[in-house]
Amino acid sequence: MDTAASMNRIGVARSHRRWPKVLMLLAIFLIAALFALGLWPTPAELAGDEATAGVAAGGEGLKRSFPAIVVRADNAPADAKGPERAALGRLLFFDPILSGANDISCATCHHPDLGFTDARGLSMGKGGHGLGPDRADGSVVRRGAPTLWNATYNHMQFWDGRAPDLEEQAKGPITSDIEMNENAETLVKELKAVPEYAKAFDSAFGGSEGSGVTMDNAVKAVAAFERKLTANNAPFDRYVAGDHNALSAAQLRGFNLFRSGRTRCFECHGLPTFANRDFKIIGVPEIDPNNPDYGRFEVTKGEGNKYGFKVPTLRNVVLNAPYMHNGKFKTLEEVLDFYAAGGGPGAGFNEPKVDDKIHKYAITPEEKQDLIAFLYSLTDESNLPQFPERVPSGLAVVPHLTNPARELVAKYNTGSSNETVAARPPQTLTVKAGESIQAAVDRARPGDTIEVIAGVYKEEVKIDLDNITLRGVTDLRTEGDNAARTTNTVPGSPVRPVLDGDKKLSDGVIVTGSNFVIENFDVQHYVANGVVAQHARNVTFRNLKIDDTGLYGVYPVSCTGVTIEKCVATGIADAALYVGQSRDIVVRDSEAYNNVTGIEIENSINAVVENNYVHDNTGGILVFVLPNNPSKVGRDCLVRNNRVINNNHANFANPNSIVSNVPPGTGVFVMAAKNTEVTANEIRGNDCYGVGVFSLEIAFPKGTAFDVGPTPENTFIHDNTYSDNGRNPAGAMVRAGLKGADLAWDLSGSSNRWQESGATQATPLLSARWPVFVRRAHWRALQLMQKYL
């Protein structure tokens, strides 16, 4: 027994001695795990191009520079051999030697007389005979041949963007077994066998005795030729350059409709290319519903790209019917009817992620003809190449074809030469009740001030001049004191000038001129937008009262230098005070209530949102970065000293819009933005959350391929005052099983941080007081728990 007791005591002593070691090893393990998680690098975010925010370099207003052409370093037009390669490419473009049966040239499907398309809808390749709509008996391609006009500006080629440049694009049809059906080795042998080609390749690319003939050099030559197919001297370009008589009255009306918030054409077909680098889902009906074309999805495999297609240029669009990637619509009238009926959803397309610019709108037959007249003003064939009389192979060159649209160009493009206007000093023009503000704008010159006397003005105003001030003149006899009315004042007359859309007109004011000020107006009852500024510098919106103006109240887009101050906006179906794709922004001393969202800063750089009162909206203040917009970046927004109160209004946005996902009860909503600071705000009574920080994944299908960084980074939420938030969570909060709170976060972005005392939180947060590696380690642990628990 003594021996057993002694052994037991020895075992206990040894056990006691082991515990400190075990605890030490455990501590070492935990510290090592902390450091490992803290030092484990986070995935690199997609870096947006900051040059895409604000006014682009080289132009402003309607005067916008064309983007840089997409070139290969070894095939630049500026190369000393560039012209020689382009000349060789012209011969190859028209030569059927590029096809397996020596019967199809590039010009067969990209015929110069048909707008460099084939007028078929679905193109026809191998085995076909004839040209244009009469081509028959061949292999039908699943999409139509896209135009080559201005294809040099496309950042990706083909309807689905599967080729990065024109060289790769040229190779595709040549080697496709249902199109030109040529073998690379066979083509090289054939070209070398033609002395004229062997000599031309050697000269253009370097070589001897035909060694310059390669498949790569052949497509380089074709691409060099195609880069010369630019259209930039249409009547519209002359109008932009200052020749205001270059457009007919119908074309000018059509342009104003094109850039209106009613149609929103300009938001996808942007100046000057009238194209877009993004892939849009609009829901064009299928030719064969049993064999759907998924478009961009077939390249990216991202669910968010399903049914997405490249936005084509509208330059020379009247020449290249039929329209859309599958030629579904035979005429421009059919295209406009499709959009006016609500795009794909209006035609039975039921996918949930149709682009938010697609919506139903009213358009009269006369307006439709005005829009078509404007599209004719985008016609320019001055760089149309000459057809070669012969090609070195001796094979037949496609003949010229008749294009009926060409006969109508002269009918539509009836603008005259510009008249010289004598210079004069700036003036103040006065508009009285019963007169037209637009008539005064048309008389104005840069530097003028247009003063508008109190009254009701039922019109839309378009201003394309720089240095214009549009100022409402207040009736001081009546302002704020009905008892002060004099016998000369009509009872019930407006105190300030009122722009009234009468629930029929599209936009109150559209401005493209820089150094623009609008102040002291009431703007009401427009169906699209209140006051819009597009691609302008230094625009100021001051002391405006905006009510029921459709999607947006104040709507500057792609501007540099935006000031919104002392404005009040209500009854807006998207964002009351919105700034998008812009930089250097101030929104202050304003009020927004009873809207879907009060203030929205979207895809913009360097914004200050301060001293505003946003209340009784669905969402109070939004700082977003969204995909598929011209600007690919959003950073450096400061939200401070605002009152964000009781934003619990029902969401009445267009179901296709992004803001339709904003749940009632949203205070401040940061999504995917970088370097956002939210501080010193009073945030109370918002039923879902006070401040939410989220990634794009909450609003888009799983697997979506984004063209912007989807994660919010370096958000700093601190020193705000909270009360009564999160009482009735909704939307994504409920779907994620999260409770309402002052602070909400979806655990995205390791660099986000909070410093709020006493605030409730829906999820664990990252304290700003922690060292960086501790925050990152904590974030990693939360990510692992979210994934596996």
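Quick summary incoming for the structure in this document. Computed from a prediction, not measured in an experiment: that's the story for all the values here. Per chain, residue numbering runs from 1 following the sequence as it is written. Totals for whole chains, interfaces and linings use all residues, but because this is a predicted model, local features are given only for residues with pLDDT of at least 70 and pairs of side-chain atoms are given and counted only at 80 or more. Side-chain descriptors were evaluated using all non-hydrogen atoms of the structure, hydrogens and water having been removed beforehand.

1. Here we look at the overall build of the protein
In this text, helices come from DSSP runs of H or I with a minimum length of four residues, and strands from runs of E with a minimum of two, each type numbered from the N-terminal end. Of regular secondary structure, the protein possesses 17 helices and 32 strands. In the protein, of all internal contacts separated by at least 6 residues, the share reaching a separation of at least 24 is 61%. Per element, the accessible surface of the protein, about 32900 Å² overall, is 54% carbon and sulfur. A contact between two residues is defined here by any heavy atoms of the two lying within 4.5 Å. Here, Shrake-Rupley sampling with a 1.4 Å probe gives the accessible areas, and only protein chains in the shown set may cover a residue.

2. Some words on the nonpolar core
The nonpolar side chains of soluble globular proteins are, as a tendency, buried together. Grouped together as the largest cluster of nonpolar side chains are 92 residues, with contacts concentrated most on Ile437 and Phe541. Throughout this description, the term nonpolar core refers to a set of buried Ala, Val, Leu, Ile, Met, Phe, Trp, Tyr and Cys residues connected via side-chain atoms within 4.5 Å. The buried label goes to any residue with under 20% of its type's maximum accessible area, the exposed label to any with over 50%, and the partly exposed label to all in between, with areas taken from a 1.4 Å probe on protein chains only. The next biggest cluster of nonpolar side chains, apart from the first, holds 44 residues, and it includes Phe255, Ile372, Leu378 and Ala405.

3. Topic: unusual backbone geometry
In this structure, Pro272 follows Leu271 across a cis peptide bond, with omega equal to -5 degrees. The topology assignment puts Pro272 in the loop between helix 9 (249-258) and strand 1 (276-281). Cis geometry marks the peptide bond from Ala321 to Pro322, where omega comes out at 0 degrees. Looking at the secondary structure, you find Pro322 in the loop between strand 2 (308-311) and helix 11 (332-340). Even without being glycine, Phe274 reaches a positive phi, approximately 60 degrees. Mapped onto the elements, Phe274 comes out in the loop between helix 9 and strand 1. Of note in the backbone geometry, Lys566 takes a positive phi value of approximately 55 degrees without being a glycine. Here Lys566 is to be found in the loop between strand 14 (560-565) and strand 15 (568-570).

4. Regarding the packing of aromatic side chains
Side-chain rings of Phe, Tyr and Trp, where Trp is taken by its six-membered ring, are said to pair if the distance between their centres is within 6.5 Å; with planes under 30 degrees apart they count as stacked, over 60 as edge-to-face, and otherwise as tilted. For the coordinates displayed, the defined rule picks out 32 aromatic pairs. Each ring, one from Tyr555 and one from Tyr578, has its centre 5.0 Å from the other, and the planes form 50 degrees; the classification is tilted. On the criterion of sequence distance, the pair formed by Tyr555 in strand 13 (residues 552-557) and Tyr578 in strand 16 (residues 575-580) is long-range, its members being 23 residues apart. For Tyr555, a relative accessible area of 2% corresponds to the buried category. Put simply, the rings of Phe93, Phe94, Phe116, Trp149, Phe225 and Phe387 touch in pairs and so form one group of aromatic residues. Throughout this description, the term charge over a ring refers to an Arg CZ or Lys NZ atom that lies within 6 Å of the ring centre and within 35 degrees of the ring normal. Geometry around Phe297 places Lys306 over its ring, the cationic atom sitting 4.8 Å from the centre.

5. Some thoughts on helix 9
Among the residues of helix 9, those classed as buried are Gln251, Gly254, Phe255, Asn256, Leu257 and Phe258. Contacts from the buried residues of helix 9 go to helix 8 (235-240), helix 13 (365-376), helix 14 (404-412) and strand 6 (461-463).

6. Observations concerning helix 7 (residues 215-226)
For helix 7, spanning 12 residues, the distance from its first C-alpha to its last is 17 Å, which sits close to the expected 16 Å at 1.5 Å a residue. Counting buried residues along helix 7, 11 of its 12 residues qualify, which places the element largely inside the surrounding structure. Expected span, for any helix, means 1.5 Å times one less than how many residues it has.

7. Considering the environment of Gly394
On the secondary structure map, Gly394 appears in the loop between helix 13 and helix 14. Since its relative accessible area comes to 62%, Gly394 is described here as exposed. Taking the C-alpha atoms as reference, Gly394 lies 9.4 Å from Pro96; in sequence the two are 298 residues apart.

8. Re the sheet that holds strand 6
Taken together, 10 strands build an open sheet; the order of strands is 6-9-11-13-16-19-22-25-28-31 and the sheet is parallel. The strands lining the two open edges of the sheet, one partner per strand, are strand 6 and strand 31 (741-745). Within this sheet the neighbouring strands show an average axis-to-axis angle of 5 degrees, counted without direction. What makes two strands pair is DSSP finding at least two bridges between them. Where strand 16 meets strand 19 (residues 597-602), 5 bridges bridge the pair, whose relative direction is parallel. Only C-alpha atoms enter the line fits that serve as axes; for helices the fit covers just the stretch in contact. Angles between N-to-C directions range over 0 to 180 degrees.

9. Focus on the pattern of salt bridges
For this analysis, a salt bridge means a side-chain nitrogen from Lys or Arg found within 4 Å of a carboxyl oxygen belonging to Asp or Glu. Counted according to the given criterion, the structure contains 44 salt bridges. Arg643 is the salt-bridge partner of Glu682, the closest N and O atoms lying 3.4 Å from each other. In this pair, Glu682 sits in strand 27 (residues 682-684) while Arg643 sits in strand 24 (residues 643-645), placing the two residues 39 residues apart along the sequence. On the accessibility criterion, Glu682 (26% relative accessible area) is partly exposed.

10. Digging into empty space enclosed by the protein
To locate leftover empty space, one rolls a probe as large as a water molecule over the atoms. In this analysis the probe radius is 1.4 Å and the grid spacing 1 Å, with only protein atoms considered; a cavity is a set of points the probe fits into but cannot get out of, a pocket is an open set with protein on both sides within 12 Å along at least five of seven lines, and lining residues have an atom within 4 Å of a point. Grid points are joined across faces, edges and corners, and a volume is the space filled by probe spheres set on the points. Across all of its chains, the model carries 3 cavities of 30 Å³ or more by this definition. When its volume is computed, the largest cavity comes out at roughly 790 Å³. What lines the largest cavity is a set of 43 residues, among which His269, Pro312, Leu314, Met324 and Tyr339 lie closest to the centre. Within the residue set of the lining of the largest cavity, elements represented by two or more residues are strand 2, helix 11 and helix 13. Broken down by element, the lining of the largest cavity gets its largest block of residues, 4 residues, from helix 11. Three classes are used: nonpolar for Ala, Val, Leu, Ile, Met, Phe, Trp, Tyr, Cys and Pro, charged for Asp, Glu, Lys and Arg, and polar for all others, with Gly counted as polar. Looking at the lining of the largest cavity, its residues break down into 26 nonpolar, 11 polar and 6 charged. Considered as a void within the structure, the second largest cavity measures approximately 50 Å³ in volume. If you trace the second largest cavity, you find it lined by His110, Pro146, Thr147, Leu148, Ala151, Asn154, Gln157, Phe158, Leu166, Gln169 and Lys310. Of the residues assigned to the lining of the second largest cavity, the class counts are 5 nonpolar, 5 polar and 1 charged.

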